[in-house]
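Structure at a glance
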Amino acid sequence: MPMFTRRQFSASLAATALLPVLANAQSGEQKTLNIRFYDDPAGFDPANIFRVENENIAFNIYSGLTSYDSQTGEIVPDLAASWETEDNVTWVFRLREGVMFQKGYGEMTADDVIFSFERIMDPATASPYASQLAGIVRLEAPDPYTVVIELDAPNGNFLHTVANYHQGQILSRRAVADLDGQVRWNPIGTGPYYLEHIDVNSEIVLKRHEDYFRGPAPIETLHFRIIKDESTATIALRNGEVDLVMRSNREENLQTLQAAGFRMNMVESYGIVLKVMNLEFEPFSDKRVRHAIAHAIDYDAICNAIAPSLTEATPSILPRWMPIFSEDIPKYPYDPDRARALLAEAGYGSGLSFSHLGTSAQGVTEIQQFEIDFLSQVGISMTMDLVDTPTFNQRRNAGEFEMATRLLPAINPDMILFNYLHPDNMSPGGLNGARYDNPEVTELLVAARSEVDSDAAFKLYERAQQIVMDDLPYLPGYSNNVFWPGKTSVTGVQPNYLGQVNFFQVDISAS
Amino acid sequence: MVDYSLKKFAQLIFTVFGVVTLVFFTLRFIPGDAASAMAGDTISGEALELLREQMGLNAPLWSQYLAYLHGLVTFDFGVTITTQLPVADLILRAMPVTLSIAVLTIVLTVTLAIPLGTLAALMAHRGQNGLDNAITGTAMVLDLMPSFWTALVFLLIFSLTLGWFPASGTISFDSPVDYLKRIALPVLVLSVTQLATMARITRTAVLEVLSEDYVRTARAMGWSEMRVLFRHALKNAALPIVTVIGLSFGNLLNGTVIVEFIFTIPGIGNLLINGINSRDYQMVQTLIVFYALLFIVINFATDIIYRALDPRVKF
């Protein structure tokens, strides 16, 4: 009688145990994507969501009236199938029919849209995004599939305001009532994935929303695993512990992964890094000094030397891909002689010094070391004023600095133009940290907003860009590229200009 | 003994109250708060003010302090400011991971350090300095390696190249083997850093005892070298070693902060770092009380062990 040896027996046991797993993998019905997530999640309530990693989860859970094309950054229909406006003041949105909320909360109608916007606008919600909707004076639903919004002033960029981002994300009135307003960890939307499980210290699990209005997504489970350290994340991808890395942001890791044959999914020019020059600080109040600084630093050389994959010198405060971006603006090529001449003209021939606000967490970055060096060559001494991160944020918001850096991730041009250039938004209240106030620019921005004809609006925006780039309250440095390296079998990963991936487009191929 | 415990307990209450008060106020003297830490780059001052109101950061300091004390006394540790989740739940869930790493590290360190230290002492005592120098030299090098660096080197060797242990992944007690594989690297890294100190202390303590009169007497009585070593030398050298074990347990609770970050371990070190970075007062306050209690328990345990080891120690 044949006898199993112990080793044979356990081998056959293991083989039987493996069978169902293999069968599932082959049928492709239980696709799971393991994704590196880089920080502890802080919740997904559109009223108080922050930081791109949380926003990326929310982007896949919720929908807006409009959304963004991942490739081009253009506005595309989402919950609204179409819309019309004659004056940029009254907007009529026609909703899709039969859009279902997750977890059995029924059909989404105009009432849910109105509820979601009113919730953000309600002072009791205390949402930092309330100001985005402050221009709304009338919000109506003539029928369940039509929403009419009237604004107090024309806003040609209003479609950005109602996109699938922050205040634009639509909640279910019934779900929020059931959850007693506790949306943060119980997000219920109409997007392609719903939140199944979360452990704020280690993982987030999203499951496919089977009734998604565009049909079920190709992958059933998205398993986000929190890995904070960049080197660990790189090793985890190489070991196959994760299939995709959310935002790998160290040059050496990117080069290692590229050499190892991973797919380097990326988006260019996500967010522009600007130098904010406080115009109330004496030397910076002189335009010639600001021009001198621009001519003194060679950002092309800096980007190529430090992080050629991750950074790129940029000529404007608007990213190139924005439809209103104009190439016809004053530019400041590297020219140390011109910088020295400008400084002498302004009365700083013997040199000048200023301090640059920074965080002790980051220290003096390699880029800043180069900036210090370039500036010293024309007689400008830049010293770093390093404080801890919350203090940094507090002082930067209050406008208590001579020079500071801002990262501008924005898809809505008004987020840059109005927030940073309009006198109403001067710090400490707003983001205009340079305290820039040029009535001509303000007028152009307001006029452009009410212009319905896009060519005419472009002309107005172009003129505004020309004036601003001559006044130069903000010095454009470089833009960041965002990378999501992954296995070659993972397809369709296209970070959009907000740095987010739409997982409805992502699949795992058989290979 | 009972008297001693009661006295200790009274001291404990007093110490914890001091720690609580100190932590409460120092945290708030650090510039910046949870709202500005959370909002980060793209928020205006006005919106920040709204957020602050929502997080309850605008309440007067004294009322925040009283609410906090009341919470402590009633064992209601509240919710974190940033995530609105119950602080006690988060800590209780994170604790077993960190404690298991710390305990395993101590076990591994003691198992390696005491024989090595004793061996080095024995060699030094006999004048055979070669092996002694090798052991103390290696210990010194290990001691000087910063743990974040060791952690990365170990990751490269044991995870990427050899593939023995995962670099990341779920931590779950469901499968003990997977669990041990997952925490193996953190335990190794921490052991390496603790090993040096403990081996050196053992060496010094044993070496000192080896030159005592009673050891000479024991030898003169014709007892075997092993018996002399274990019955007399090690037992008498145990007091400083126990002290170091107690201290290193405390060190480990700090040391886990770095390895938890690199190896993505969801432990209390991770909670602490996150709490401090995000100025989550509620989380940091509660964690510090927890740490203080843990240290007190460790000290208490060390005292008890002292007494068991050396009857001359009186309470």
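About the cut-offs
- Residues numbered from 1 in each chain as written.
- Chains lettered and ligands numbered in written order.
- Predicted model: local features only at pLDDT ≥ 70, side-chain atom pairs only at ≥ 80, totals over all residues.
- Helix = DSSP H or I, 4+ residues; strand = E, 2+ residues; numbered from the N terminus.
- Rg over C-alpha atoms; globule rule 2.2 N^0.38 Å.
- Buried ≥ 20, exposed ≤ 12 C-beta atoms within 10 Å, placed from the backbone.
- Contact = placed C-beta atoms within 7 Å.
- Nonpolar A, V, L, I, M, F, W, Y, C, P; charged D, E, K, R; others polar.
- Arc of directions from axis to C-beta.
- Core = buried A, V, L, I, M, F, W, Y, C linked by C-beta atoms within 7 Å.
- Domains from an automatic or database assignment.
- Pairing = 2+ DSSP bridges.
- Axes fitted to C-alpha atoms, helices over the stretch in contact; angles between N-to-C directions.
- Left-handed = near helix turned anticlockwise from the far one by under 90°.

1. Structural notes on the overall build of chain A
Helices and strands together make up the secondary structure of chain A, namely 15 helices and 19 strands. Against the compact-globule benchmark of 24 Å for 511 residues, chain A has a radius of gyration of 26 Å, which places it among compact chains. Across the 511 residues that make up chain A, the buried fraction comes to 47%. For chain A, long-range pairs separated by at least 24 residues make up 68% of all intrachain contacts whose partners lie at least 6 apart in sequence.

2. Some details on the overall build of chain B
In terms of helices and strands, chain B carries 12 helices and zero strands. Listed by position from the N terminus, the elements making up chain B come as α-α-α-α-α-α-α-α-α-α-α-α. Dimensions along the principal axes, computed over C-alpha positions, put chain B at roughly 85 × 55 × 35 Å. Within the span of chain B, comprising 315 residues, buried residues form 39% of the whole. Sequence-distant contacts, at least 24 apart, represent 73% of the contacts inside chain B between residues at least 6 apart.

3. Focus on the interface of chain A and chain B
Between chain A and chain B, the residue contacts involve 42 residues of the former and 44 residues of the latter. If you list the elements that add at least two residues to the side of chain A that touches chain B, you get β10 (221-226), α6 (230-239) and α12 (389-398) of chain A. Among the elements that take part in the side of chain A that touches chain B, α12 of chain A stands out by supplying seven residues, more than any other. Among the residues forming the side of chain A that touches chain B, the class breakdown is 15 nonpolar, 17 polar and 10 charged.

4. Notes on unusual backbone geometry
Going from Ser427 of chain A to Pro428 of chain A, the amide bond is cis rather than trans, its omega being 10°. With respect to the secondary-structure elements, Pro428 of chain A resides in the loop between α13 (413-421) and α14 (439-450). Despite not being glycine, Arg247 of chain A has its phi angle at roughly 50°, a positive value. Mapped onto the elements of the fold, Arg247 of chain A is located in the loop between β11 (244-245) and α7 (251-259). Look at Arg279 of chain B: it is not a glycine, yet its phi comes out positive at around 55°. Mapped onto the elements of the fold, Arg279 of chain B is located in the loop between α11 (268-277) and α12 (281-309).

5. Concerning helix α9 (residues 299-306) of chain A
What sets the pattern is the α-helix's 3.6 residues per turn: residues three or four places apart point alike. Residue and element names in this part refer to chain A. Residues of α9 that are buried include every one of Tyr299, Ile302 and Cys303, and no others. In a view along the axis of α9, the buried residues occupy a sector of 95°, so they form one face of it. The inward-facing, buried residues of α9 abut β13 (311-313), α11 (366-376) and β17 (474-486).

6. Description of the nonpolar core
Formed by 214 residues in total, the largest nonpolar core has its most connected members in Ile293 and Ala296 of chain A. Looking at which element gives the most residues to this core, the answer is helix α8 (residues 176-210) of chain B, with 16 residues. Domain assignment of the residues forming this core places at least three in each of domain 1 (11-218 + 487-508) and domain 2 (269-480) of chain A.

7. Things to note about the sheet that holds strand β7 (residues 146-151) of chain A
All names here are of chain A. Spatially, β4-β5-β7-β6 is the arrangement adopted by the four strands of the open sheet, whose pairing is antiparallel. Taken across any chain shown, the strands that pair with only one partner, and hence form the sheet edges, are β4 (80-85) and β6 (136-143). Averaged over all pairs of adjacent strands, the angle between their axes in this sheet comes to 20°, without regard to strand direction. Sheet topology note: the β6/β7 ladder contains five bridges and is antiparallel. Across the sheet, the residue bridging to Leu139 is Ile149, located in β7. Strand contacts of helix α3 (residues 110-121): β5 (90-95), β6 and β7, with the helix running at about 165° to β6, the strand carrying the most contacts.

8. Topic: the domain arrangement of chain A
Interfaces are often sized by the accessible area lost when the parts come together. All names here are of chain A. Here chain A is partitioned into domain 1 (11-218 + 487-508) and domain 2 (269-480). The straight-line distance from the C-alpha centre of domain 1 to that of domain 2 is 33 Å. With 12 residues of domain 1 at the interface, the matching set in domain 2 holds 13 residues. Looking at the side of domain 1 that touches domain 2 residue by residue, the class counts come to four nonpolar, seven polar and one charged.

9. Observations regarding the packing of helix α5 (residues 87-125) of chain B against helix α6 (residues 129-144) of chain B
Residue and element names in this part refer to chain B. Between α5 and α6, the least distance of the axes is 7 Å, while the angle of their chain directions is 145°. Crossing hand, α5 versus α6: left-handed. Contacts between α5 and α6 involve Leu116, Leu119, Ala120, Met123 and Ala124 on the former and, on the latter, Asn129, Leu131, Asp132, Ile135 and Thr136.

10. Notes on the pairing of strand β12 (residues 263-277) of chain A
Residue and element names in this part refer to chain A. Sheet analysis places β12 next to β17, joined by 11 bridges and oriented antiparallel. Across the sheet, residue Asn265 finds its bridge partner in β17, namely Trp484. Of the strand pairs in this sheet, β12 and strand β16 (residues 403-408) are connected by six bridges, and their pairing is antiparallel. Each bridged residue has a counterpart across the sheet, and for Ile272 the counterpart in β16 is Leu408.

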